[in-house]
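What the coordinates show
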Amino acid sequence: MFSKPGKERKGIALFSICITVILLIFAFGAKSAVDTALDEVIEKTGRNVVRIYSSRDFFDKVDIESLKADLPSIVAAGGETGRYTILGSKRRYDVVGVTSGYFDIRNMKLKEGREPRREEECVIGDRLRKLYFGDVSPIGKEIEYAGRRYKIVGVLEKIPDYRRSDMEADYTLFKVAGSDEKFWVIWAKIEGNMKQVMGEIKRYFEGRGKKIHVEAQSELYSFDFRFKYRILKIVFALLGICVVLTGFNVTNTFLILIAKKYREIGIKRALGASRGRIYFEVFKEACVTIVFGIILGVIVAYTSLLVVEGKLPFAMKLNWKALLYSLTVVASTGVLAVLYPAVKASTLDPVEAINMREAKFRFFGKRERTLEVIVLSIGIIASLACFIIVESFKNGTIAFIDDRIKEYERRFVVKPGSFDVFSPLRPARYLPSDALYLKENVEEIEHVAVLGGVTFERTDNGVKVKVHGVDSVYALVNNLDIEGQFITEEDVSNKSMVTVVSEQLTESLKLHIGQYLEVSRYGSLKIKGVVREHYSNDIFVPFTLLAHWREGCIFVIKVKKGVENISEVEQKVVRLLKERYPENSPPVIENKGKEYAEIIKPLWRRIVLLFTFIVGIILIVGSAGVANLAMLNALSRKREIGVRMAVGASRMDIYLMLLGEIIWFYVQNGIIGFLCGLVGIKILSLMAPDYIFRFSPTLGARVLLLMVSIGVICGFLPAYKTSRMDIAEAVRSNE
């Protein structure tokens, strides 16, 4: 129905549809990958498994056996003791005691060997096996732990990467729990209604005087995927704007094309074509464009996957569901968008249409054009506000990470190499005198703080607290903001019964400086300071109050400013301690700055880049709509422009006038979008205080430059074509 000029204009609609299809396929593909991974891990680990634990009570074998005997809905139950972490010579790993049936309940398969049956038997994770034994089978080899000999009888299969909650099992030594050991967790396999059985378990232990928590294993794994689902929600919210703008681009395109063929439609109606036929022709032509755009988008999406795969924060799975959902959204949007032009074309008056070369723009009256302007303005404003929010979030997040890197890169932790069941070396025991030795022999070191150990205790009202045994330098090294006083050297030497507590603890227990805090094992401690903006139940005491500080201290080292090669300082510390204690396990160095720089910062950069890319695409789609609107505006003012040119306006004057109007349209919406972005930042900062937004004046300048640039690009073609129209034809135009 439409000629070559019409096909040229359909390119805008085609482009919008193609881009929208690509983004939706990627988004639904990413969601499908996350859903599939979650379903797979839950299916493999068991949907009918629950985790029973308590924040204050322990379990014993009697609890496990009675649970199975008294509740018929419990098919199997197994206990897990607290994990003992060993800072091995090659890597940190855990030792945990379990009961029989534990591996079957957790669905942990053996790669070789068998499950342990007696107390002197154990199995190890696959990564731990590879780390210490290489390709040699460890089956039959003996190790020593806590004064007892254990025989390795099995190796677990490697845990898949998506089972992040179980990843540590690959670096764990599982032994049979002793008869007198207590259990921190009970894993149970159940049958029947999940919620009902979980309620029965909770009531059962409450009847035995134990306050417990019960959660389905599926909830545990769902938590691992929660971050990815949050990202996807933001992505789909942004794509919603893109879909709406695409719909209006399609509507605008076909309104313009119908206007160019106004007389042709009138002739067809005069020759007997029914309204239904005209409606069908317009609708069919639009559907061809929509289908072609969808096909092109699908081809580009599937070929682009080869380029972007592995570069996004999550995997992508382009299955038939992702394709079906994407096509349904785009096809529905396209069909709804073309209904209005098709109905308008089918209701034209034949006599009026034949007497006109092009549509009188009563066809799209003031109301319709106002609606188009409002919708496009909202789209531009929303996408620009999202751009400002995303950029501010990027600036804030990256700045926060850089601050953490700068803070941590000058600080690293030295932990004594502990007893290693796979190594003949003795566990290291570092004393406060070693801290002084390091400071005297490594000139790059500014301070060395001593951490005598960490224990978990309870206050007199049952609150669980983490007790840190520290020296007077600890607050300085860790940049703690202290109200009042911190632990002093006198407190350490005199074993003073004093403490410094976190701000969170003072708020929850209504404490203040000068009061006493009753803590199990330590007794009554006088509060002499508060750590501001510290949101954990932590308390700090002189390390000499801890009974086991002589068994080994941890050092927190702060390097002097200006020292660039922190790794060299770490190597010096390791070398000095190995020379001082040649028969002991080497020290373990932990540097959070490296973790932030190598893992966290690249991850957040990719996430923010994804959001910026989507917002950029939305701006492009919205700009295509503005170009369509500019063409529509030029058609509606054809006679006005002809008169201007007839009375002396040059083609350049017309070009600059139209281009300036489009640029001004963008600048107006840019200012509104800018203000909306600032309001959005303020609202999000209040709703999500954990996320950091940082707006800079340069961002405002970039937004203004962006709006002017897009205005020039989008207005160039409509303004150029309009300035080149024939003056006589324009003056004779009915509009």
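All values reported here derive from a predicted model rather than from experimental measurement. (Residues numbered from 1 in each chain as written. Predicted model: local features only at pLDDT ≥ 70, side-chain atom pairs only at ≥ 80, totals over all residues. Heavy atoms only, no water.)

Re the overall build of the protein chain
Across its full length, the protein chain carries 21 helices and 21 strands. Expressed as a percentage of the 735 residues in the protein chain, the buried residues total 50%. A separation of at least 24 residues holds for 81% of the contacts in the protein chain among residues at least 6 apart in sequence. About 35200 Å² of surface is accessible on the protein chain, with carbon and sulfur atoms providing 57% of the total. (Helix = DSSP H or I, 4+ residues; strand = E, 2+ residues; numbered from the N terminus. Buried < 20%, exposed > 50% of the residue type's maximum accessible area, 1.4 Å probe, protein only. Contact = heavy atoms within 4.5 Å. Areas by Shrake-Rupley, 256 points an atom, 1.4 Å probe, with all protein chains shown as cover.)

Looking at the nonpolar core
Nonpolar side chains tend toward joint burial in soluble globular proteins. Counting 60 residues, the largest nonpolar core has Val-235 and Tyr-666 as its most contacted members. Contributions of two or more residues to this core are made by α1 (4-45), α6 (217-260), α8 (275-308), α9 (320-346), α11 (366-409), α17 (592-636), α19 (651-687) and α20 (697-723). The dominant element in this core, judged by the number of residues it contributes, is α1, at 12 residues. When sequence neighbours within four positions are dropped, the list of residues in contact with Val-235 reads Ala-27, Leu-610, Phe-611 and Ile-614. Listed in part, the 38 residues of the second largest apolar core include Phe-486, Ile-554, Phe-555 and Val-559. (Core = buried A, V, L, I, M, F, W, Y, C linked by side-chain atoms within 4.5 Å.)

Some points on a nonpolar patch on the surface
Judged by side-chain polarity, Ile-671, Leu-675, Leu-678 and Phe-695 come together as a nonpolar surface patch covering roughly 330 Å² of accessible area. If you trace the backbone, Ile-671 turns up in helix α19. Ile-671 gets classed as partly exposed once you look at its relative accessible area, which sits at 46%. (Patch = residues over 30% accessible without salt bridge, like charges linked within 9 Å, V, L, I, M, F, W, Y side chains within 5 Å. Salt bridge = Lys/Arg side-chain N within 4 Å of Asp/Glu carboxyl O.)

What to know about helix α16 (residues 566-580)
Here α16 spans 21 Å end to end across 15 residues, near enough to the 21 Å set by a 1.5 Å rise per residue. For α16, every residue scored as buried is listed here: Ile-566, Val-569, Glu-570, Val-573, Leu-576 and Leu-577. Projected down its long axis, α16 shows its buried positions confined to an angular sector of 130 degrees, all on one face. Exposed residues lying more than 90 degrees from the buried face of α16 are Gln-571 and Glu-579. Where α16 starts, the residue carrying a side-chain oxygen 3.4 Å from the main-chain nitrogen of Ser-567 turns out to be Asn-565. (Expected span 1.5 Å × (residues − 1). Arc of directions from axis to C-beta. Polar contact = N/O pair within 3.5 Å; in protein donor to acceptor, adjacent residues only side chain to side chain.)

Focus: the pattern of salt bridges
Charged atoms that come close allow side chains of opposite charge to pair. Counting across every chain of the model gives 18 salt bridges. Here Arg-118 makes a salt bridge to Glu-120, at a shortest N to O gap of 3.1 Å. Overall, the relative accessible area of 47% leaves Arg-118 in the partly exposed class. Put simply, Arg-114, Arg-118, Glu-120 and Glu-121 are held in one network by salt bridges that share partners.

A closer look at α9
Compared with an ideal rise of 1.5 Å per residue, which puts 27 residues at 39 Å, α9 spans 37 Å between its outermost C-alpha atoms and is within 8% of the ideal. A bend of about 30 degrees at Leu-339 is the largest found in α9, and the proline Pro-341 appears one to four places after it. Listed in full, the buried residues belonging to α9 are Ala-322, Ser-326, Val-330, Thr-333, Gly-334, Ala-337, Val-338, Pro-341, Ala-342, Ala-345 and Ser-346. (Bend = angle between axes of the 7 residues up to and from the residue.)

Regarding the side chain of Asp-491
Here Asp-491 is to be found in helix α14 (residues 489-494). Within the local environment of Asp-491, its side chain forms a polar contact with the side chain of Lys-528, the two groups lying 2.7 Å apart.

Structural notes on unusual backbone geometry
A negative phi angle characterises most non-glycine residues, just as the trans form characterises most peptide bonds. Not every positive phi belongs to a glycine, and Lys-495 is a case in point at roughly 55 degrees. Within the secondary structure layout, Lys-495 lies in the loop between α14 and β16 (498-502). Of note, Lys-510 is a non-glycine position whose phi angle comes to about 55 degrees, a positive value. Looking at the secondary structure, you find Lys-510 in the loop between α15 (503-509) and β17 (516-519). When its relative accessible area of 66% is taken as the criterion, Lys-510 is described as exposed.

Some thoughts on the packing of helix α12 (residues 432-441) against α16
Remark: α12 packs on α16, axes separated minimally by 11 Å, with the N-to-C direction vectors making an angle of 125 degrees. Here α12 is positioned oblique relative to α16, judged by the angle of their axes. The hand of the α12/α16 crossing is right-handed. Side by side, α12 and α16 meet where Asp-434, Tyr-437, Leu-438 and Asn-441 of the first sit next to Val-573, Leu-576, Leu-577 and Arg-580 of the second. Residues belonging to the contact of α12 with α16 are distributed by class as follows: five nonpolar, one polar and two charged. (Axes fitted to C-alpha atoms, helices over the stretch in contact; angles between N-to-C directions. Parallel < 35°, antiparallel > 145°, perpendicular 65-115°, else oblique. Left-handed = near helix turned anticlockwise from the far one by under 90°. Nonpolar A, V, L, I, M, F, W, Y, C, P; charged D, E, K, R; others polar.)

As for the packing of aromatic side chains
On inspection of all chains with the given rule, the structure shows 11 aromatic pairs. Plain terms: the ring middles of Tyr-474 and Phe-540 are 5.9 Å apart, the flat faces sit at 45 degrees to each other, and that makes the pair tilted. On the criterion of sequence distance, the pair formed by Tyr-474 in helix α13 (residues 474-477) and Phe-540 in strand β19 (residues 538-542) is long-range, its members being 66 residues apart. You'll find Tyr-474 and Phe-540 in the same group, each marked buried. (Phe/Tyr/Trp six-rings, centres within 6.5 Å; stacked < 30°, edge-to-face > 60°.)

Digging into the pairing of strand β6 (residues 121-124)
If a strand is regular, its side chains alternate between the two faces of the sheet. Burial of the side chains of β6 extends over both faces: Glu-121 and Val-123 are buried on one face and Cys-122 and Ile-124 on the other. Strand direction decides the pairing type here: β6 and strand β8 (residues 148-156), joined by four bridges, are parallel. Residue pairing across strands places Ile-124 opposite Val-155, the latter belonging to β8. Note that β6 and strand β9 (residues 172-176) share three bridges and pair antiparallel. Its bridge partner being in β9, Val-123 is matched across the sheet by Phe-174. (Pairing = 2+ DSSP bridges.)

Some remarks on the environment of Thr-172
When you line up the elements, Thr-172 lands in strand β9. Assessed through its relative accessible area of 0%, Thr-172 is described here as buried. Taking the C-alpha atoms as reference points, Thr-172 and Asp-126, separated by 46 residues in sequence, lie 9.0 Å from one another. Ignoring sequence-local partners within four residues, the contact set of Thr-172 consists of Arg-83, Asp-94, Val-96, Val-123, Ile-124, Gly-125 and Leu-128.

As for the confidence of the model for the protein chain
Summing up the model confidence of the protein chain, the mean pLDDT is 77 and the portion of residues at 70 or higher is 80%. Low pLDDT, under 50, characterises residues 358-364; the stretch is placed with 31 contacts to residues that sit more than four places away or in other chains. (pLDDT = per-residue confidence, 0-100.)

Brief notes about the pairing of β8
Across three bridges, strand β5 (residues 110-113) lies against β8 in antiparallel orientation. Bridge pairing in β8 links Gly-113 to Gly-154. By the bridge criterion, four bridges tie strand β7 (residues 142-145) to β8 in an arrangement that is antiparallel. Looking at the pairing, Ile-143 lines up with Tyr-150 of β8.

Some remarks on the environment of Pro-72
Among the secondary structure elements, Pro-72 is positioned in the loop between α2 (61-70) and β2 (74-80). For Pro-72, a relative accessible area of 70% gives the class exposed. Spatially, the C-alpha atoms of Pro-72 and Val-197 are 9.8 Å apart, while their sequence positions differ by 125 residues.

So, the environment of Tyr-204
Note on placement: Tyr-204 falls in helix α5 (residues 194-207). Residue Tyr-204 is classed as buried on the basis of its relative accessible area, which comes to 14%. Residues Tyr-204 and Leu-71, 133 residues apart in the sequence, show an inter-C-alpha distance of 8.6 Å.

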